[in-house]
Amino acid sequence: MADEPLVLGIETSCDETGVGIVRGTTLLADAIASSVDEHARFGGVVPEVASRAHLEAMVPTIERALKEAGVSARDLDGIAVTAGPGLAGALLVGTSAAKAYAYALGKPLYGVNHLASHICVDQLEHGPLPEPTMALLVSGGHSSLLLAPDITADVRPLGATIDDAAGEAFDKIARVLDLGFPGGPVIDRLAREGDPAAIHFPRGLTGPRDAAYDFSFSGLKTAVARWIEAKRNAGEDVPVRDVAASFQEAVVDVLTRKAIRACKDEGVDHLMIGGGVAANSRLRALAQERCDDAGIVLRVPRPKLCTDNGAMVAALGAEMVARNRPASDWDLSADSSLPVTDPHVPGTSHTHSHSHSHSHSHSHSHSHDHVHELSKDNLYS
């Protein structure tokens, strides 16, 4: 195990400051500082509040992770950081911290994709990913069906949400029901005591002419809100548990149905589900049931690894090192809309000693011996 890459990962795409340390596919530390309570009174994530919280939490969280892993920062083989997608200001805090640590320690830097990281984290739970992997990613910002022949270099989007993401719909319905923020966990809890067949809510984009793998939850959200409004206008009590169960069933029915269809169409016998909504108990149960019926192996990480965390970034970083992927340049920038087709942001302006040479003829191209001749100003470009 000692010869497997030891990588520290930093995740700051939204409201969680996550720092994980991974050796190969073994999780050594997963430290998180969340600012969710600071956002709750606003009913959603406030970017400026999130950025400031990351700034305050960064160094203590890194120190806590190193202590938990029982390793020194000098032992690291690389530092990985979420370069996007996410909130621009929040991502900047993470990328700046990663650059500073990598530069000070003389370690290679890997800017990685948030969505690819959500897929790769499953390696920490169930071992190496099958190739290709079919992944259903569902969170507050994303609902995507992705085919990943190589998680470090080849991730193909099959379908995505055309409006609200699944997690976003959970938050909005929770708000209509006065259940607070975030909405996912509380709807999941209440739905267990409700009847999922009590109210038939629409299943978006499931008609014969609709895009096979795309998702839409905006119409569902509107239908649920109108149903609640009609009850209230009639002076009747809203059956909160039945609404929660019926709404949740409409979401997970569509998600699992499309994911199974994609697996069959692409001839893939594994399905990986990740992202914050993958912590939902009904999604896990229905996915298991439908995968069993279809002869598909389901892989879902434990709930703590489904939500945003540093371990997933470290997992993808370790895979980058293990596969000799080129490190990122020092001018790595946060990209709030980094496409999932870019699992990582490779460097182009210098040659790496990791058996990766580039054909670019930059005048300052040099062998990468973990030491860079550059001015400190470049760190903040």
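Residues numbered from 1 in each chain as written. Predicted model: local features only at pLDDT ≥ 70, side-chain atom pairs only at ≥ 80, totals over all residues. Heavy atoms only, no water.

1. Quick look at the sheet that holds strand S10 (residues 297-299)
Two strands in a sheet stick together by hydrogen bonds in their backbones, pointing the same way (parallel) or opposite ways (antiparallel). A sheet is described by the order of its strands in space; here 5 strands give the open sequence S8-S7-S6-S9-S10, paired in mixed fashion. At either margin of the open sheet sits one strand with a lone partner, and together these are strand S8 (154-160) and S10. Each adjacent strand pair in this sheet contributes to an overall mean axis angle of 25 degrees, direction not counted. For strand S6 (residues 133-138) and strand S9 (residues 270-274), the ladder comprises 4 bridges, and the chain directions are parallel. The residue of S9 that forms the bridge with alanine 135 is methionine 272. Of the strands in this sheet, S6, S9 and S10 touch helix H10 (residues 281-294), which is tilted by about 160 degrees from S10. (Pairing = 2+ DSSP bridges. Helix = DSSP H or I, 4+ residues; strand = E, 2+ residues; numbered from the N terminus. Axes fitted to C-alpha atoms, helices over the stretch in contact; angles between N-to-C directions. Contact = heavy atoms within 4.5 Å.)

2. Regarding the pairing of S9
Extensive coverage of S9 is indicated by the burial of 4 of its 5 residues. Of the pairings in the sheet, the one linking S9 to S10 comprises 3 bridges and is parallel in character. Residue methionine 272 lies in a different strand from S10, and its bridge partner there is arginine 299. In terms of handedness, the path from S9 via H10 over to S10 forms a crossover that is right-handed. (Buried < 20%, exposed > 50% of the residue type's maximum accessible area, 1.4 Å probe, protein only. Right-handed = clockwise from strand over helix to strand, strands pointing away.)

3. Regarding the environment of lysine 231
Position of lysine 231 among the secondary structure elements: in helix H8 (residues 218-233). The contact partners of lysine 231, leaving out residues within four places of it in the chain, are Glu236, Asp237 and Val238. In this structure the side chain of lysine 231 is engaged in a polar contact, spanning 2.8 Å, whose partner is the side chain of glutamate 236. (Polar contact = N/O pair within 3.5 Å; in protein donor to acceptor, adjacent residues only side chain to side chain.)

4. Some words on the nonpolar core
Counting residues in hydrophobic clusters, the biggest one holds 50 residues, and the most contacted among them are Leu136, Phe247, Leu255, Leu271 and Ile273. Top element by residues in this core is helix H9 (residues 240-266). It accounts for 13 residues. Leave out the neighbours within four places in its chain, and leucine 271 touches Met134, Leu136, Ala259, Cys263, Cys291, Ile296, Val297, Leu298 and Arg299. With 31 residues, the next largest nonpolar core counts Ala80, Val112, Val121 and Met320 among its residues. (Core = buried A, V, L, I, M, F, W, Y, C linked by side-chain atoms within 4.5 Å.)

5. Some remarks on the packing of H8 against H9
Here H8 crosses H9 at 165 degrees, and the two axes come no closer than 11 Å. Relative to H9, the element H8 lies roughly antiparallel. Like other packed secondary-structure pairs, H8 and H9 cross with a definite hand, here right-handed. Contacts from Leu220, Val224, Trp227 and Ile228 in H8 reach Val243, Phe247, Ala250 and Val251 in H9. Counted by class, the contact of H8 with H9 contains 8 nonpolar, no polar and no charged residues. (Parallel < 35°, antiparallel > 145°, perpendicular 65-115°, else oblique. Left-handed = near helix turned anticlockwise from the far one by under 90°. Nonpolar A, V, L, I, M, F, W, Y, C, P; charged D, E, K, R; others polar.)

6. Quick look at empty space enclosed by the protein
Throughout the structure, instances matching the rule amount to 1 cavity of 30 Å³ or more. Taken as a whole, the largest cavity encloses approximately 40 Å³ of empty space. Along its surface, the largest cavity is lined by Leu8, Ile62, Ala73, Leu76, Ile79, Tyr101 and Leu105. Per-class residue counts for the lining of the largest cavity are 7 nonpolar, no polar and no charged. (1 Å grid on protein atoms, 1.4 Å probe; cavity = no way out; pocket = protein on both sides within 12 Å on 5 of 7 lines; lining within 4 Å. Points joined across faces, edges and corners; volume = space filled by probe spheres on them.)

Function cannot be read off these values alone, since they describe shape.
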